[in-house]
Amino acid sequence: MIRARATVSTGLSCISTSSQALFDDKDVKSGTHISGIGAYTSEMQESPVETVARARIIVDSYATIMDEAGDIVKAIRAGLIKATDIHAEIGEIILGKKTGRQSDDEITFFKSVGNAVQDATAAQLALTNARTMKLGVEVEF
């Protein structure tokens, strides 16, 4: 069983192809969680590099993040973080191998650039749950 140790006071989701930050670092308060699921090239950016540097960084995949996550790549180029500052992959937290949020005041940043295996697993789970709950309509192709 996964138990939350803290609550999120504010959440922000970014889903864009922006090449620059969508908000100012000064507007990010303690306890904020940011999900960055757009900006999928090293030149794109949704979150300020200063915010990324202040956050506990969680990614979908270590393997793709350095090539595809501009938010992180730009923070590294600015000298504000190192690749080793990435705290965990989301799967490591789900499996209990690493911790998630440690306090109500901590800023957390989840960066996803897309992972086909995770997407297929989530889709299979959604389909299984829909069948169990007798929701939706199955269509043959």
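Keep in mind it's a predicted model, so treat the numbers as computed, not measured.

## As for the nonpolar core
Ile57, Ile65, Ile72 and Phe109 are the most contacted members of the largest nonpolar core, which totals 18 residues. Of all the secondary structure elements, the ones that give two or more residues to this core are helix H1 (49–54), strand S3 (56–59) and helix H3 (70–77). Here isoleucine 72 is in contact with Ile57, Val59, Ile65, Ile81, Ile86, Phe109 and Lys111, once residues within four sequence places are set aside.

## Describing unusual backbone geometry
If you check the backbone angles, alanine 39 has positive phi at about 40° while not being a glycine. Judged by relative accessible area, which is 0%, alanine 39 ranks as buried. Residue lysine 134 is not a glycine yet carries a positive backbone phi of 55°. Assessed through its relative accessible area of 74%, lysine 134 is described here as exposed.

## So, the layout of surface pockets
Quantified by volume, the second largest pocket comes out at close to 180 Å³. Together, Ile90, Gly91, Ser112, Gly114, Asn115, Gln118, Asp119, Thr121, Ala122 and Leu125 line the second largest pocket. Of all the elements in the fold, those that place two or more residues in the lining of the second largest pocket are helix H4 (90–94) and helix H5 (116–132). Sorting elements by how many residues they give to the lining of the second largest pocket places H5 first, with five residues. Its residues assigned to classes, the lining of the second largest pocket comprises three nonpolar, six polar and one charged.

Rules of the game
- Residues numbered from 1 in each chain as written.
- Predicted model: local features only at pLDDT ≥ 70, side-chain atom pairs only at ≥ 80, totals over all residues.
- Heavy atoms only, no water.
- Core = buried A, V, L, I, M, F, W, Y, C linked by side-chain atoms within 4.5 Å.
- Buried < 20%, exposed > 50% of the residue type's maximum accessible area, 1.4 Å probe, protein only.
- Helix = DSSP H or I, 4+ residues; strand = E, 2+ residues; numbered from the N terminus.
- Contact = heavy atoms within 4.5 Å.
- 1 Å grid on protein atoms, 1.4 Å probe; cavity = no way out; pocket = protein on both sides within 12 Å on 5 of 7 lines; lining within 4 Å.
- Points joined across faces, edges and corners; volume = space filled by probe spheres on them.
- Nonpolar A, V, L, I, M, F, W, Y, C, P; charged D, E, K, R; others polar.

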